[in-house]
Amino acid sequence: MKLSWGYRIALLYGGFLLLIALLVGGSMMQRFDLVADNYYERELAYQDIIDADRNQQSLSAPVVMNLKNSKLEFVFPDDFANTNIAGEIWFYSPVQESWDKKVPLNITEQQFFVDAGDLQPTRYMVKLSWEANGKKYYQEMPLNLYQP
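Please read all numbers here as calculations on a predicted model, not as lab measurements.

J.: How would you explain the sheet that holds strand β5 (residues 111–115) if you had to name every residue and give the values?
T.: Pairing within the open sheet is antiparallel, and its three strands lie in the order β1-β2-β5. A single partner strand is all that each edge strand has here, and the edge strands are β1 (64–68) and β5. Recorded for the sheet is a direction-independent mean angle of 25° between the axes of neighbouring strands. Pairing geometry for β1 and strand β2 (residues 71–75), over five bridges, is antiparallel. Bridging across to β2, K68 finds its partner in K71.

J.: Could you give an account of the sheet that holds strand β7 (residues 135–144), naming the residues involved and the relevant values?
T.: A sheet is described by the order of its strands in space; here four strands give the open sequence β4-β3-β6-β7, paired in antiparallel fashion. Looking at which strands have only one partner, the edges of the open sheet turn out to be β4 (101–107) and β7. Between one strand axis and the next, the sheet turns through 15° on average, direction left out of account. Pairing geometry for strand β3 (residues 85–92) and β4, over seven bridges, is antiparallel. If you follow F91 over to β4, its bridge partner there is K101. On the sheet, helix α3 (residues 46–57) packs against β6 (123–132) and β7 and is oriented at approximately 85° with respect to β7.

J.: Can you lay out the packing of aromatic side chains for me, pointing to particular residues and giving the numbers?
T.: Using the criterion set out here, one finds eight aromatic pairs in the structure. With 6.0 Å between their ring centres and 80° between their planes, F80 and W130 make a pair best called edge-to-face. Here F80, found in the loop between β2 and β3, pairs with W130, found in strand β6; they are 50 residues apart in sequence, far enough to count as distant. Take F80 and W130: they sit in the same class, and that class is buried. When the ring of F80 is compared with that of Y137, the centres are 5.2 Å apart and the planes differ by 85°; the resulting orientation is edge-to-face. Taken together, the residues span a long stretch of sequence, with F80 in the loop between β2 and β3 and Y137 in strand β7 at a distance of 57 residues. Accessibility expressed as a relative area gives 7% for Y137, which makes it buried. Joined through ring pairs, the aromatic side chains of F76, F80, W130 and Y137 make up one cluster. Positioned above the aromatic ring of W90, the side-chain terminus of K102 is 4.8 Å from the ring centre. The side chain of K127 reaches across the aromatic face of Y92, ending 4.9 Å from its centre.

Thresholds applied
Residues numbered from 1 in each chain as written. Predicted model: local features only at pLDDT ≥ 70, side-chain atom pairs only at ≥ 80, totals over all residues. Heavy atoms only, no water. Pairing = 2+ DSSP bridges. Helix = DSSP H or I, 4+ residues; strand = E, 2+ residues; numbered from the N terminus. Axes fitted to C-alpha atoms, helices over the stretch in contact; angles between N-to-C directions. Contact = heavy atoms within 4.5 Å. Phe/Tyr/Trp six-rings, centres within 6.5 Å; stacked < 30°, edge-to-face > 60°. Buried < 20%, exposed > 50% of the residue type's maximum accessible area, 1.4 Å probe, protein only. Lys NZ or Arg CZ within 6 Å of the ring centre and 35° of its normal.

Printed below as a string of structure tokens:
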């Protein structure tokens, strides 16, 4: 059976409409996680993070992060010997919001340990913010727990 050119054009348009409908339906099912729901308020307070980062850069050394036996060790510089350190460690996953983890920080030693087994095997941006001696500090470090 041979189709005339009119039917062929109708099939071409029908196929095109079906393809567009599939693309629109698939794009409506896509999930988009925002970095933060209140991004506007956080942007207004970003100057505090810039100031805290400058305070961190004025230290004798940055905070060092080591992975030892499925534990993450955070070692603070000697500037904080015998000082109360309070803050938060945010493990930010750009892949999925549900993989983010925030760990409170309240120590008097220069070392702090976090169990890496509680984290997903992916890449993280570790955002460390703390306060000591009335000054705020902020540092970001990449962390790769992905094992191919």
